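# Overview (structure and organization)
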Amino acid sequence: MATSAQGTWRVAGGAGSLGSMLASWFAASFSAAAQPPPQLLPARMQMAFTLGTHIILACLGVAFPLVVLIANWYALRKDDPVALLLAKRWSKVMAVVFAVGAVTGTVLSFEMGLLWPRMLGQFGDVFGFPFAVEGIFFFLEAIFIAIYIYGWKRLSPKVHLWTAVPVVIAGIGGTVSVVAANAWMNHPAGFTMTPSGELTNVDPMAAMFNAGTGYQGLHMLLAAYMVTGFLVASVYAVGWMKGRKDRYHRLGFVIPFAIAAICTPIQIIVGDTAARQVFSKQPTKFAAMELVWKTGPNQPEYIGGILNEETGEVTGAIAIPGLNSILAGFSVNTVVQGLSEVPPEDRPPANVVHLAFDTMVGLGSLLLLLSGWFGFVYWRKRDLPKSKLFWLLAAASGVMAITAMEAGWIVTEVGRQPWIVYGIMRTEEAVTDAEGVWISFGVFVTLYAVVALGTVVVLRGMSRRWRETSDLDDIEDTDVPYGPRHAHEPHESEPG
Amino acid sequence: MTAEIVAAVLWTGVTAYAIFGGADFGAGFWDLFAGGSQKGAAPRELMDEAIGPVWEANHTWLIFDLVVLWTAFSEVFASVMTTLYVPLTLAAIGIVLRGSGFAFRRVTKQLAGRRLFGATFALSSVVTPFFLGAVLGAIASGRVPLGQHGDPITSWVNPTAFLTGFLAVATCAYLAAVFMVHEAHRNERGLERYFEVRAIGASIGAGLLALVGIYVLSNDAPFLFEGLTNEALPFVIVSAICGLATLAMLWKGMIRGTRVLAVLAVAAIIWAWGVAQHPYLLPGEITIQQAAGAEATMVALLVVFALAAVFVVPSLIWLYRLADEDRLEATEG
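### Focus on the overall build of chain A
Along chain A, the regular secondary structure elements total 17 helices and 8 strands. Within the span of chain A, comprising 496 residues, buried residues form 51% of the whole. Taking all contacts inside chain A whose residues are at least 6 apart in sequence as the whole, residues at least 24 apart take part in 76%.

Quick look at the structure:
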């Protein structure tokens, strides 16, 4: 075991630096422990921003392959050129999104050390292991997605279809592994800490399969399928509303929407279980989610509302008596721990967590209704709903799913504060001493804005090109999936 | 012992990234200097086809290396990241721009857009290996203290780090050109000589940098120099011989075998560095043994490596074979 991190790491930059001057001034004015280091805020903002961006791309990287695989499988089985065209075009969108996801994911690996070196320095050999497993899954995903994307022309249709299967499996494995690392931050396991901060009895398997891995992994995985399914479907819903009610748009809507609609009710059940896990394992986070101030039974469920973090009063909420206790333990007598149980410096910002939680649950419920609507009409009439409201909501479902997912992620991350490793290491103890984090935050915001703009421009360009050739007969002449290879195809493009 | 094996696997990962990831960066280097959109169209297209299906898999070696470093040698990872945050942040930015630029250009049809994305891809392909190379130079010359801050500027703005930075760029260009000679040969598009000339140029450039390196390292990184001229000398000699042989063969227009020789030349120099600083992970600061994490984690990592050898390596070989047989091709549209 390496020397303990606390023993070797030293505090703040060189003498005379602004940071250390401020730090010493603060230390003189207040108690030293109460002052968070100046890099904490920009570091948290940079992490939140870059991870919050990447998580959308990661969802697409994980779940899009299944959408494409199903379209491809259906096309081969029914000999359906429309489904085949969709699969082929989706695989191109997937290629762009996967590339951007791969590089923004790499940034996160850098940031683990650039922003949180003390956490990695101390716990790297405990919770690093699931990342190593994730690395292997990502390797497989990157290899097979390339074979799939570039294999349309010259692999046999069957072999080609099968190359998407490892992509789907690796996506699932990768998600569960990387979420296991996050779950470990919520439910640290697999080590014993001596009073001096030394770690003993390190057990990477116990760290990987901690109490949170199961529910968090499943919750995230379903979220990925919902985000992808609703987002892809919403593109075709917009087309449908614009009057393009052809088979191309119909299939393009139904395949991803059905996947998302199947996942949504399961997600609600998993989410409900997850909330009870949080109740029993991270009571402070639960108290913040539900704005519980005083420990006790018969807690009301607040919908909306603001907690006064001095007095404990909740204003502006719809309160349903006793429901929170029932949700937590199936009985009004369930005792729920309140925020006032822990000292103020150990509490997360409850209003942010509660608002995010309500947003997630609200949007999730709306998506559940929408899924039910779709399912019911399809069951009764074997057709898509006609209602304009349905299509409006369907067109917005992608954005709703992304918002719900981001809100859920805020619940788990902000709700864990002030801890980076729950109950063991505070976020301010993990942060780098490096200066210039504000600069790097600004640079990454600019960079990601540019990349996001590029992604949108490029995808819209593809969509426009496709619409111009949306007559299927045309396509089959010039652009035959699985067709023979032309002698050497003239590239109309001019590399630059 | 387990620590040594894990370190050896890490070094293999670094070597793989330098070779395969390096060749992809090198393609961006040649893309940058391929000239105007008319003149450069043919070589750009060939390079685009060559790296398109493989660059993401090759890029994964970097993620693998980072993850293994932070899991197995956490404190070394934290120290490197704390001292060298400037070049590492710049490299991360370069990685984002390189990947996005490349992916965007593939699906863009308008010339202006292709130029913009192409230039982004090409420029960041040159800048990124420089910073990654500088990071290695900073580590190798003992400028990363354990568990504290090294100087955020002078740790990498120094003769050794700049040398390794430039050497990394030259190596990437060299590998890409040698690989592209094969690609051009197979595709029969008359670009063989084009890339041969560039491979020769890059190998002379890399060779000259290596000669300058003797002077630089002997003054600026005596510990590394000492290692390179003693325990690691056989590796340095192998690298030199392979490099010279590749150069001679390319000069004569011989193609067969040059890829393997070029790869050996680069691999040997990376292992020369490893052997030179062995048993230290951070020269003068901490050895592999001292830096190793918990034994249980090291063993678990070995299991993961074994699984990777069973699943990832054959898949990777299949990908390369398909690419080599021209069975991977972008679809139009």
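Moving on from the model shown.
### Things to note about the overall build of chain B
If you tally the helices and strands in chain B, you get 13 helices and 2 strands. Its C-alpha atoms give chain B a radius of gyration of 20 Å, within 12% of the compact-globule value 20 Å for 333 residues. Oriented by its inertia axes, the alpha-carbon framework of chain B measures out at about 55 × 40 × 35 Å. Considering chain B as a whole, with its 333 residues, one finds that 63% of them fall into the buried category. Within chain B, contacts between residues at least 6 apart in sequence are counted, and of these 78% link residues at least 24 apart.

### Brief notes about the interface of chain A and chain B
The partner chain B presents 75 residues to the 73 residues of chain A that form the contact. If you tally residues by element for the side of chain A that touches chain B, the top one is helix α4 (residues 81–115) of chain A, at 16 residues. Partitioned by chemical class, the residues of the side of chain A that touches chain B number 42 nonpolar, 18 polar and 13 charged.

### Some thoughts on the nonpolar core
Core analysis: the largest hydrophobic core is formed by 292 residues, its most contacted members being C59(A), V227(A), A176(B) and A177(B). For this core, the element with the most residues is α4(A), which contributes 21 residues. Setting aside residues up to four positions removed in sequence, A177(B) forms contacts with G26(B), W30(B), F195(B), R198(B), A199(B) and A202(B).

### Some words on helix α13 (residues 350–381) of chain A
Here α13(A) spans 46 Å end to end across 32 residues, near enough to the 46 Å set by a 1.5 Å rise per residue. A positive backbone phi angle near 50° is found at R382(A), which sits one or two residues after α13(A).

### Structural notes on unusual backbone geometry
Residues and elements named next belong to chain A. P418 follows Q417 through a cis peptide bond whose omega is 5°. Relative to the elements of secondary structure, P418 occurs in the loop between α14 (388–414) and β7 (419–421). Positive phi, normally seen in glycine, also occurs at L291, with a value near 50°. Structurally, L291 is set in the loop between α11 (283–290) and β3 (301–303). Residue L291 is classed as buried on the basis of its C-beta count, with 28 C-beta atoms lying within 10 Å.

### Considerations on the environment of I95(B)
Mapped onto the elements, I95(B) comes out in helix α5 (residues 85–106). Through-space distance from the C-alpha of I95(B) to that of P129(B) is 9.3 Å; in sequence the pair is 34 residues apart. Residues in contact with I95(B), not counting those within four places in the same chain, are V103(A), T106(A) and T128(B).

### Some details on the packing of helix α7 (residues 159–187) of chain B against helix α11 (residues 258–277) of chain B
All names here are of chain B. Contact pair α7 / α11: the axes reach a minimum separation of 9 Å and the direction vectors enclose 165°. With respect to each other, α7 and α11 are oriented roughly antiparallel. When you trace α7 past α11, the crossing you get is left-handed. For the pair α7 and α11, the contacting residues are T171, Y174, L175, V178, F179, V181 and H182 in the first and T258, R259, A262 and V266 in the second. Of the residues that constitute the contact of α7 with α11, the class distribution is 7 nonpolar, 3 polar and 1 charged.

### Some points on the confidence of the model for chain B
Averaged over all residues, the pLDDT of chain B is 94; the fraction at 70 or higher stands at 99%. Reported confidences for the modelled complex are a pTM of 0.90 and an ipTM of 0.95.

### Looking at the environment of G22(B)
All names here are of chain B. Considering the arrangement of structural elements, one finds G22 in helix α1 (residues 2–32). For G22, a count of 27 C-beta atoms within 10 Å gives the class buried. The sequence separation of G22 and A50 amounts to 28 residues, and the corresponding C-alpha distance is 14 Å. Sequence-distant contacts of G22, defined by excluding residues within four places in its chain, comprise P129, T171, C172 and L175.

### Description of α11(A)
Residue and element names in this part refer to chain A. Of all 8 residues making up α11, 7 are buried, and the element is well covered by its neighbours. Residues of α11 that are buried: T284, K285, F286, A287, A288, M289 and E290. Turning to α11, the residues buried within the fold contact α10 (247–281), β3, α12 (323–329), α13 and α14. The first or second residue beyond α11 is L291, which carries a positive phi of 50°.

### Digging into the environment of L231(A)
Residues and elements named next belong to chain A. Along the chain, L231 turns up in helix α9 (residues 213–241). Considering only alpha carbons, one finds L231 and A260, 29 residues apart in sequence, at a separation of 9.3 Å. Excluding residues that lie within four positions of it along the chain, L231 makes contacts with G398, A401 and I402.

### Here we look at the confidence of the model for chain A
Residue and element names in this part refer to chain A. Averaged over every residue, the pLDDT of chain A is 87; the share at 70 or more is 88%. A low-confidence stretch, residues 1–33 stays under pLDDT 50, and its non-local contacts, those more than four residues away or across chains, total 43 contacts. Taken as a whole, residues 473–496 scores under 50 in pLDDT and shows 34 contacts with residues more than four places along the chain or in a different chain.

### Observations concerning the packing of α1(B) against helix α13 (residues 295–324) of chain B
Residue and element names in this part refer to chain B. Interaxial distance between α1 and α13 falls to 10 Å at its minimum, and their mutual angle equals 40°. As judged from the angle between their axes, α1 and α13 are oblique. For the element pair α1 and α13, the recorded crossing hand is left-handed. When α1 is examined against α13, the residues T2, A3, I5, V6 and V9 are found in contact with a partner set consisting of E295, M298, V299, L301, L302 and F305. A per-class count over the contact of α1 with α13 returns 9 nonpolar, 1 polar and 1 charged.

Scoring rules and cut-offs
Residues numbered from 1 in each chain as written. Chains lettered and ligands numbered in written order. Predicted model: local features only at pLDDT ≥ 70, side-chain atom pairs only at ≥ 80, totals over all residues. Helix = DSSP H or I, 4+ residues; strand = E, 2+ residues; numbered from the N terminus. Buried ≥ 20, exposed ≤ 12 C-beta atoms within 10 Å, placed from the backbone. Contact = placed C-beta atoms within 7 Å. Rg over C-alpha atoms; globule rule 2.2 N^0.38 Å. Nonpolar A, V, L, I, M, F, W, Y, C, P; charged D, E, K, R; others polar. Core = buried A, V, L, I, M, F, W, Y, C linked by C-beta atoms within 7 Å. Expected span 1.5 Å × (residues − 1). Axes fitted to C-alpha atoms, helices over the stretch in contact; angles between N-to-C directions. Parallel < 35°, antiparallel > 145°, perpendicular 65-115°, else oblique. Left-handed = near helix turned anticlockwise from the far one by under 90°. pLDDT = per-residue confidence, 0-100.

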